[in-house]
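# Fold and contact review
What follows is the residue order along each chain.
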Amino acid sequence: MSILVTGGAGYIGSCAVAALKEKGYEVVVVDNLSKGHKQAVGDVKLYIGSVGDETFMHKVFTENKIDAVMHFAAFSLVGESMLHPYEYYNNNVAQSMHLFHSMIEHGVKNVVFSSTAATYGEPEENPISEETPQHPINTYGQTKLAIEDMLKWFGVAYGLNSMSLRYFNVAGAHPSGNIGEDHNPETHLIPIILQVALGKREKLSVFGNDYPTKDGTCIRDYIHVMDLAQAHILAMEYMLKNNCSDEFNLGSGGGYSNLEILNAARKVTGCEIPSVFEDRRPGDPPVLVATSEKAERILGWHRQYGIEDIIASAFAWHKAHPNGYDE
C-alpha cells in the first residue's frame, strides 16, 4: 500500500514518513522545501513541488498508485498568519483545494488532514472535546477550519473520505535522533528552553506569572511527535477499513504549565536554564488542553511518551544537531 505524504520533509511530516516506513508502507513525499529539509526525508521517493500545482500533482498520481494521502503541508505560525493572511489563505486553503481536486481526479478518495486545536479559539471549557464550538481567533486557525469545512463538502459531493486531527503543541524527536525540530526562527517553548540549556540563548522569558492556574503560568497541551505520527496511521487505517470520515482531538487531557515544562527540562538536561518573568502576551488564554478520549475509544490510540520523554528526545536531537540539518 502506497501513502502520499505532503509536507513530508517538514518536522511532523518526516516523522510520519519514518513511522509509515517502520510499519511497512510504501511512502511517496511531496514537499516544496520552503519549510522542510531534504535530509529529513530519508530514502523515499521525493517530489519537489507544490501540492497546489495540479499539473505537477498529475505527474505524482500517474507515476504512483496512491491509496491514501496524509496532508501536512501548511504554514503554521500564528503570529505570522496575522501579519500575512493572504499568504496563509493562499498556501493553506487554496493549495489544499487543488490537492483535493487532484486526488478526486485520480480516484484517490482518502485523506488524513493535519488540522489544529487552534480551530477552537479560546474555548470556555477545558479540556476541549470534539463537540466544543470552533471559533478561531487567528488566521492560522481559521484557514485550518476552512479546510475542515471544505473536506466535509468534498465528502458530500465527491465521496472524499477524510480524518481531521486536531492537536496543540508537538515536541520531541524520532528515537533514532536523526529526525527532529528545526525551525528558523524558533517559536516553540521546548526547543527555546533547550537552546538556553545548550548556551544558544542567554535565558528563557516566561510570559505571565499571574494567571489563574496552579503556579500562575499558562497551561498548554504537549504531544510527542511520534505519538502524533502513530495517531495519523491509526486514523488512516480506520478510514480505509470503514470507508468513513471523522475528526479527533489529540491531547493529554491535563496539560503542563510553563514552569512545569521548565522544571522538567532542568531535571532532564541537568542544566540550570536561567529564566525571567515577562508581562503577559496579549491573547494568551490561561489554559488550553484537549481530551483524546474519542481517539482512544475509536482508534485505540494511546500516548506512549510523557513530558520528560518528550524533552529527553528533543534534547538528544538538539545536542546532535546544534545547527539543525544545516550543520
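Small disclaimer: the values here were computed from a predicted structure and weren't measured. (Residues numbered from 1 in each chain as written. Predicted model: local features only at pLDDT ≥ 70, side-chain atom pairs only at ≥ 80, totals over all residues. Heavy atoms only, no water.)

## Brief notes about the layout of surface pockets
- Of the volumes computed, that of the second largest pocket is approximately 280 Å³.
- If you trace the second largest pocket, you find 18 residues lining it, with Asp182, His183, Gln195, Pro322 and Gly324 closest to the centre.
- In terms of residue count, helix α6 (residues 189-197) provides more of the lining of the second largest pocket than any other element does, three residues in total. (1 Å grid on protein atoms, 1.4 Å probe; cavity = no way out; pocket = protein on both sides within 12 Å on 5 of 7 lines; lining within 4 Å. Points joined across faces, edges and corners; volume = space filled by probe spheres on them. Helix = DSSP H or I, 4+ residues; strand = E, 2+ residues; numbered from the N terminus.)

## What to know about the pattern of salt bridges
- Per the stated rule, a full pass over the model turns up twelve salt bridges.
- Between Glu63 and Lys59 there is a salt bridge, and its shortest N-O distance comes to 2.6 Å. Of the two residues, Glu63 and Lys59 both sit in helix α2 (residues 54-63), four residues apart, roughly one turn of that helix.
- Residue classification places Glu63 among the partly exposed positions, given a relative accessible area of 42%.
- Owing to a relative accessible area of 40%, Lys59 belongs among the partly exposed residues under this scheme.
- Residue Glu308 is joined to Lys267 by a salt bridge in which the shortest nitrogen-to-oxygen separation is 3.1 Å. On the criterion of sequence distance, the pair formed by Glu308 in helix α10 (residues 307-320) and Lys267 in helix α8 (residues 258-269) is long-range, its members being 41 residues apart.
- Glu308 sits in the partly exposed class, given a relative accessible area of 35%.
- On the basis of relative accessible area, Lys267 is assigned to the exposed category, the value being 59%.
- A cluster of three or more residues bridged by salt bridges with shared partners is formed by Asp246, Glu247 and Lys294. (Salt bridge = Lys/Arg side-chain N within 4 Å of Asp/Glu carboxyl O. Buried < 20%, exposed > 50% of the residue type's maximum accessible area, 1.4 Å probe, protein only.)

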